[in-house]
Amino acid sequence: MTTIGAIYSFLDGFAPFARQMSWDNSGLLVGSPEDEVGRVVLALDATGPVVEEAAQKGAQLILSHHPVIFHPLKKVERGTPVYEAIRLGVGILCAHTNLDLAEGGVNDALAEMLSLQKLQPFEIDSQENYVKIVVFTPEAEAGKVAKAMGDAGAGALDAYSHCSFSAGGVGAFLPLEGASPHIGQVGRLEQVEETRVEMILPRGKIPAVVAAMKATHPYEVPAYDLFEDQAVRETISLGRIGELETAFSPREFAQFVKERLQGGVRLVEGNRPVKRVAVCGGSGGDLVELAARLGADALVTGDVKHDQLLTAQSLGLTLVDGGHYATEAPVLTKLQEKLQEAFPGVEFLLAQAGKDPAKTL
Ligand SMILES: [Zn+2]
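Nothing here was measured: the structure is a model prediction, and the numbers come from that model.

A look at the coordination of the zinc ion
Then comes step 1: Only His66 (NE2), His324 (NE2), Glu328 (OE) and Glu328 (OE) from the protein reach the zinc ion as donors, at distances of 2.0 to 2.5 Å.
Then comes step 2: On the basis of relative accessibility, which here comes to 24%, the residue His324 falls in the partly exposed class.

As for helix α2 (residues 48-56)
Then comes step 1: Along α2, the positions that sit buried rather than exposed are Val50, Val51, Glu53 and Ala54. Seen from one end, α2 has its buried residues packed into an arc of 160 degrees, which puts them on one side.
Then comes step 2: Where α2 is buried, its residues touch β4 (39-43), β5 (61-64), α3 (81-88), β6 (91-94) and β17 (347-350).
Then comes step 3: Among the residues trailing α2, Gly58 stands out with phi positive, at a value near 75 degrees.

Considerations on the pairing of strand β14 (residues 274-279)
Then comes step 1: As defined by bridge partners, β14 adjoins strand β15 (residues 298-301) across 3 bridges and the pair is classed as parallel. The residue of β15 that forms the bridge with Val279 is Val300.
Then comes step 2: Taken together, β14, helix α9 (residues 288-293) and β15 constitute a β-α-β crossover, and its handedness is right-handed.

Considerations on the sheet that holds β5
Then comes step 1: Read across the sheet, 5 strands follow the order β2-β6-β5-β4-β17 without closing on themselves; strand pairing throughout is mixed. A single partner strand is all that each edge strand has here, and the edge strands are β2 (27-30) and β17. Taken over all neighbouring pairs, the strand axes of this sheet differ in orientation by 25 degrees on average, direction set aside.
Then comes step 2: Across 4 bridges, the pairing between β5 and β6 is parallel. Note that in β6 the partner of Leu63 across the bridge is Leu93.
Then comes step 3: Seen against the sheet, helix α1 (residues 4-14) touches β2, β4, β5, β6 and β17 and runs at an angle of roughly 10 degrees to β6.

A short note on the nonpolar core
Nonpolar side chains in soluble globular proteins generally cluster together in the buried interior.
Then comes step 1: The biggest cluster of nonpolar side chains holds 26 residues, and the ones touching the most others in it are Ile7 and Val40.
Then comes step 2: Where this core is concerned, the elements lending two or more residues are α1, β4, β5, α5 (106-113) and α12 (330-342).
Then comes step 3: Taken together, domain 1 (2-95 + 329-350) and domain 2 (106-126 + 238-325) each give at least three residues to this core, which thus spans both.
Then comes step 4: When sequence neighbours within four positions are dropped, the list of residues in contact with Val40 reads Ile7, Ala59, Leu61, Leu63, Val346, Glu347, Phe348 and Leu349.
Then comes step 5: The next biggest cluster of nonpolar side chains, apart from the first, holds 18 residues, and it includes Val197, Met199, Leu201 and Ile206.

So, the sheet that holds strand β9 (residues 165-173)
Then comes step 1: Within the open sheet, the 4 strands sit side by side as β9-β10-β8-β11. Their pairing is antiparallel. Pairing within the sheet leaves two strands with one partner each, and these edge strands are β9 and β11 (223-228). Neighbour to neighbour, the strand axes of the sheet diverge by 30 degrees on average, direction disregarded.
Then comes step 2: One ladder, built from 6 bridges, connects strand β8 (residues 130-138) with β11; its direction is antiparallel. Note that in β11 the partner of Val131 across the bridge is Glu228.
Then comes step 3: Against the sheet, helix α6 (residues 142-151) contacts β8 and β10 (190-202), and its axis sits at roughly 20 degrees relative to β10.
Then comes step 4: Each of β8, β10 and β11 is contacted by helix α7 (residues 206-216), which is oriented at about 160 degrees to β11, the strand it contacts most.

Analysis parameters
- Residues numbered from 1 in each chain as written.
- Predicted model: local features only at pLDDT ≥ 70, side-chain atom pairs only at ≥ 80, totals over all residues.
- Heavy atoms only, no water.
- Donors = N, O, S within 2.8 Å, 3.2 Å for Na, K, Ca; no water.
- Buried < 20%, exposed > 50% of the residue type's maximum accessible area, 1.4 Å probe, protein only.
- Helix = DSSP H or I, 4+ residues; strand = E, 2+ residues; numbered from the N terminus.
- Arc of directions from axis to C-beta.
- Contact = heavy atoms within 4.5 Å.
- Pairing = 2+ DSSP bridges.
- Right-handed = clockwise from strand over helix to strand, strands pointing away.
- Axes fitted to C-alpha atoms, helices over the stretch in contact; angles between N-to-C directions.
- Core = buried A, V, L, I, M, F, W, Y, C linked by side-chain atoms within 4.5 Å.
- Domains from an automatic or database assignment.

Here it is as structure tokens:
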């Protein structure tokens, strides 16, 4: 029997939850990894009607893009999606920015929907994903502690794992009344040969790495620090950039996007034919300048604000605002196919109640 945990692990394999943006809240937000699953409903949002539909269809899990819990909850009232999901025994697993960034995720699905070829990442440097842990251990245990932190995901750099740096020095401490020190005695200032071990790690792995360090460190109270690491940048591709088979006029291109996404679009007409296209599903209006700098003739995204429309206009960039929902929805079918193939014994359904809340007239 398949469990929610197995589905989580499968998603984690191509859209690692640890790679979500620091402000995001992707993960298993309702339910337990051990819960068994025979049917799953997929939606961009786990709204009340989607929860109801899942329960009616006998699904044990909703896989949603937007986190059902995003801002801290002050109460869980009857009728809210979280309350109803718990009451009806439906788990909610949310894959948000980790799915945006993933290969085969939101942006690849959107690019594919628009038949873009020669896809490349639409790159943004992120500095927020790495931190450095510095731990002080007795010389003899340094290797063991570094190994445990490496096993938990610290020190991974491209094709290398367990990368660390160690240097010797002298640590000092005075055990107070009530302490039971690994080395030394209560009331006596100790000086010990120690090793300083440094490793980098993605922000999302802090809990696992700190737990692994504490579990192997011999000291009662290990001394460690976590620092922001601005030098190690992971290239995070928030979007994709690719080429159309044939060039369109800006207006033709907007029409083409409208047909493919089956929704309404807003258009800023650029000053040139559209061949090279940048895409960012959801909310990518702040990528206008970057898209232009990377030589895109057009940007397709959603949630574009007035000032961003003006920037596109001034840069001569064609901007097609296809709406937040419509630019993200293509990923649902892709996910459904992928999951169905991986778990043939589980039924994956697209929520009928999951719709764009806004109508285009
Ligand atoms: Zn979104």
